2 protein chains.
Amino acid sequence: MAKKPASEDEVLKCLARHFPNRHSSLLLGRGDDCAVLKTDDHICVSSDLFLEDIHFRRNYFLPEEIGYKALAVNISDIAGCGARPLAFSLNLVLPSWVDMDFLDRFFAGMAELAEENRIALLGGDLSSGPSLCACISVYGTCFAEGAFLARGGSMPGDQLFVVGCPGLARVGLEELEKRGRDALEDWPDACSAHLRPVPRTGAGLMLARAGLNARLPALMDVSDGIMRDLPRLLGLTGENGSQGAALGASIWVKPGNLHPEVVRHAEMFGRDVVREALQGGEDYILLGSCAPDMLPALKAAIPGLWAIGRVLPDSGIFCNGESLETCGGFDHFEH
Amino acid sequence: MAKKPASEDEVLKCLARHFPNRHSSLLLGRGDDCAVLKTDDHICVSSDLFLEDIHFRRNYFLPEEIGYKALAVNISDIAGCGARPLAFSLNLVLPSWVDMDFLDRFFAGMAELAEENRIALLGGDLSSGPSLCACISVYGTCFAEGAFLARGGSMPGDQLFVVGCPGLARVGLEELEKRGRDALEDWPDACSAHLRPVPRTGAGLMLARAGLNARLPALMDVSDGIMRDLPRLLGLTGENGSQGAALGASIWVKPGNLHPEVVRHAEMFGRDVVREALQGGEDYILLGSCAPDMLPALKAAIPGLWAIGRVLPDSGIFCNGESLETCGGFDHFEH
């Protein structure tokens, strides 16, 4: 009788039966990095949970890093909309092991990132509970009216680009899980990408600005790896899926495009470096597409932006000329 | 060495050291029912946690009621600002006992209230975890620019009023804890006030509208009982405390003002009915103050609104002519 939810997808389908995603209050509904509240000054909203042993481990995260990353993953969603973060709400479930030293350092790490982004903590709630859970909602505004960068809108021939180093955080996670903080010595950038991901708000805002006098780029923050998130950008999967015609992509990735720690890690374990990088996970980098003539200006203006391929008119994703399915990536897709 | 946080207040003080409450993004900071985001169309925001065995029990809450109340306590904060709810975010931690039947009923109860209030679910996050936790953020707009009803602003001589039945939910909680859902038979309204509190958005909006051509009423939603929340309305405690001169109040409460189930319950257990009603807890009623000449119109327009007393120029709260301290109420205040 008691049927367990088989997957997150099944929970979301149940939810979608009860709550319509089109609504007079929403300019953009669920399924993108942020939803957009329809007000005079459209507000982007994103929420994320950050739980012990699911999103972080206490044996290799410092309290400051837990506070920092809980907020960073939310700000990254605002960056993925090309919006400017304004403020956030913090809801905290505190288990009995939390002491004032932990709290003070947890808040300090979070406050450092809040100050860097000049955002306000506007409220929230506290409760005791069985394990540490931070639930943050973050609010942002568009650079100009309606100029938020949604996932949809790629067109055949568009240039695909990435801002950041795919796969770097995955290397950090793997090594931190194996060796704890000793891993920081050999894999400093990879560990940092996992422990303290930098939300790319500056790049997001520049992309929104660049699109003002042209066609807006499509943009998303990559949290599940490029292999899973590229089909979402193209509208092939996810809540925004099947809105228009199916698109495809041809991407070209060489070891020279990747971070040296990602290359060294793959070589050390005899793995395919491109596949490792594209599988990624918790990257918190940006993935987008734009009209081809915009690319040179974007490359010049945005540090870390590099061209990864082209949008194709027909479905199918190819990496270095081979179907991505043979890469094994589709194992991880949600259907 | 490891000092445990002694109280919620200590956690909040630590937080206040790290996060300023005045900020260019905020029209109204922490410490009220909602914060107000400074945008062209000011947005009210409130977040609450709703956890098993802290905020609800599964042995007497139906799944529909858990979903309903998780959202209702948030909408009540929007009502306490005299704002109109627009949308909400839902973050859910799901433990392994959750099955699809529970989820479907949980969402159905929440969706019923969302539809009544015509609000959109705009997103959120899902995770597995050790116990059920719903973390909701709710967003609202003001009836007119800047016309949200904050807690501050009471003046000596102002009329104090309540919308709803203080102490009713407390009777429900006590009887549900003792007898489970059997309590519904003898205490139907009290149990309903605990299981399915009705957010007073209509009353909040009418109060905001009434204040447009006059001085705006002060307003808050009562979640900790009138004894604890009245000093907050007067600016005596809480994050907004000591902003201006200390005010006091003289309130008059007769059994005839109270719900018959509250009166019957106090009589049955030989308790002081007025003290029971004022202690309350999880009332989700409204408490406010207004210029005396506004009261007749408000009484006529808002069902369930009744005058409870007057704001005094000097500190001290009196109930039926006696200092509230002799009522034992101050034991429960936060200092």
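Quick note: structure is the one above.
Reading the values: rules and limits
- Residues numbered from 1 in each chain as written.
- Chains lettered and ligands numbered in written order.
- Predicted model: local features only at pLDDT ≥ 70, side-chain atom pairs only at ≥ 80, totals over all residues.
- Heavy atoms only, no water.
- Patch = residues over 30% accessible without salt bridge, like charges linked within 9 Å, V, L, I, M, F, W, Y side chains within 5 Å.
- Areas by Shrake-Rupley, 256 points an atom, 1.4 Å probe, with all protein chains shown as cover.
- Salt bridge = Lys/Arg side-chain N within 4 Å of Asp/Glu carboxyl O.
- Helix = DSSP H or I, 4+ residues; strand = E, 2+ residues; numbered from the N terminus.
- Pairing = 2+ DSSP bridges.
- Axes fitted to C-alpha atoms, helices over the stretch in contact; angles between N-to-C directions.
- Contact = heavy atoms within 4.5 Å.
- Buried area = accessible area lost by both parts, 1.4 Å probe.
- Polar contact = N/O pair within 3.5 Å; in protein donor to acceptor, adjacent residues only side chain to side chain.
- Nonpolar A, V, L, I, M, F, W, Y, C, P; charged D, E, K, R; others polar.
- Disulfide = S-S within 2.5 Å.
- Buried < 20%, exposed > 50% of the residue type's maximum accessible area, 1.4 Å probe, protein only.
- Left-handed = near helix turned anticlockwise from the far one by under 90°.
- Phe/Tyr/Trp six-rings, centres within 6.5 Å; stacked < 30°, edge-to-face > 60°.
- Lys NZ or Arg CZ within 6 Å of the ring centre and 35° of its normal.

Participant: Would you explain a nonpolar patch on the surface in this entry?
Facilitator: A contiguous nonpolar patch, built from Phe143, Leu212 and Leu216 of chain B and spanning about 220 Å² of accessible area, is present on the exposed surface. Turning to its location among the elements, Leu212 of chain B is positioned in the loop between helix 7 (201-210) and strand 8 (218-222).

Participant: Is there a simple way to explain the sheet that holds strand 4 (residues 84-94) of chain A in this structure?
Facilitator: Strands belonging to one sheet form pairs held by backbone hydrogen bonds; the direction of such a pair is parallel or antiparallel. Residues and elements named next belong to chain A. Here we have 6 strands laid out as an open sheet, ordered 1-2-3-6-4-5, and mixed in their pairing. Edge strands, defined here as strands with exactly one partner in the open sheet, are strand 1 (26-28) and strand 5 (120-128). Averaged over all adjacent pairs, the angle separating strand axes in this sheet is 25°, with direction ignored. Strand direction decides the pairing type here: strand 3 (residues 43-51) and strand 6 (residues 133-141), joined by 9 bridges, are antiparallel. Among the inter-strand pairings, Ser47 is bridged to a residue of strand 6, identified as Ser137. Packed onto the sheet, helix 2 (residues 63-79) meets strand 3, strand 4 and strand 6 and runs at close to 145° relative to strand 3.

Participant: Just to check I follow, could you spell out the interface of chain B and chain A for this structure?
Facilitator: A common measure of how large an interface is: the accessible area buried when the components associate. Contacts between the two partners involve 72 residues from chain B, matched on the other side by 72 residues from chain A. At the boundary of chain B with chain A, total buried surface from both sides reaches about 5700 Å², with 70% on carbon and sulfur atoms. Looking only at chain B, the three residues that lose the most surface to chain A are Phe19, Met100 and Leu122 of chain B, adding up to 12% of its buried area. Taking the shortest distance from any N to any O, the salt bridge between Arg17 of chain A and Asp104 of chain B comes out at 3.5 Å. Where chain B meets chain A, there are 7 residue pairs in polar contact (both at pLDDT 80 or more). Those elements giving two or more residues to the side of chain B that touches chain A turn out to be helix 1 (8-18), strand 2 (35-37), strand 3 (43-51), strand 4 (83-94), helix 3 (100-116), strand 5 (120-128) and strand 6 (133-142) of chain B. Counted by class, the side of chain B that touches chain A contains 40 nonpolar, 18 polar and 14 charged residues.

Participant: Looking at this structure, how should I read the state of the cysteines?
Facilitator: Each disulfide is one covalent bond, formed between the sulfur atoms of two cysteines. Residue and element names in this part refer to chain A. Here the structure, examined in full by the defined rule, presents 0 disulfides over all chains. The thiol sulfur of Cys191 is not disulfide-bonded, and the nearest other cysteine sulfur, from Cys165, lies at 14 Å. Note on Cys191: relative accessible area 0%, which makes it buried.

Participant: Teacher, can you tell me more about the packing of helix 1 (residues 8-18) of chain A against helix 3 of chain B here?
Facilitator: Helix-helix packing is characterised by the crossing angle of the two axes and by the distance between the axes. Running from N to C, helix 1 of chain A and helix 3 of chain B cross one another at 35°; their axes reach a closest spacing of 9 Å. As for the relative orientation of helix 1 of chain A and helix 3 of chain B, their crossing is right-handed in sense. Here helix 1 of chain A contributes Glu10, Val11, Cys14, Leu15, Arg17 and His18 of chain A to the contact with helix 3 of chain B, which in turn contributes Met100, Leu103, Asp104, Phe107, Ala108, Ala111 and Glu115 of chain B. Considered class by class, the residues forming the contact of helix 1 of chain A with helix 3 of chain B number 8 nonpolar, 1 polar and 4 charged.

Participant: Please explain the packing of aromatic side chains as it appears in this structure.
Facilitator: Residues and elements named next belong to chain A. Considering all chains together, one arrives at 13 aromatic pairs over all chains under this definition. With centroids separated by 5.0 Å and ring planes inclined at 85°, the aromatic side chains of Trp97 and Phe102 adopt a geometry described as edge-to-face. When its relative accessible area of 7% is taken as the criterion, Phe102 is described as buried. Clustering of aromatic rings is evident, with ring pairs tying together Phe50, Phe56, Tyr60 and Phe61. Between the NZ or CZ atom of Arg58 and the centre of the ring of Trp97, over which it lies, the distance is 3.4 Å.

Geometry only, nothing functional implied.
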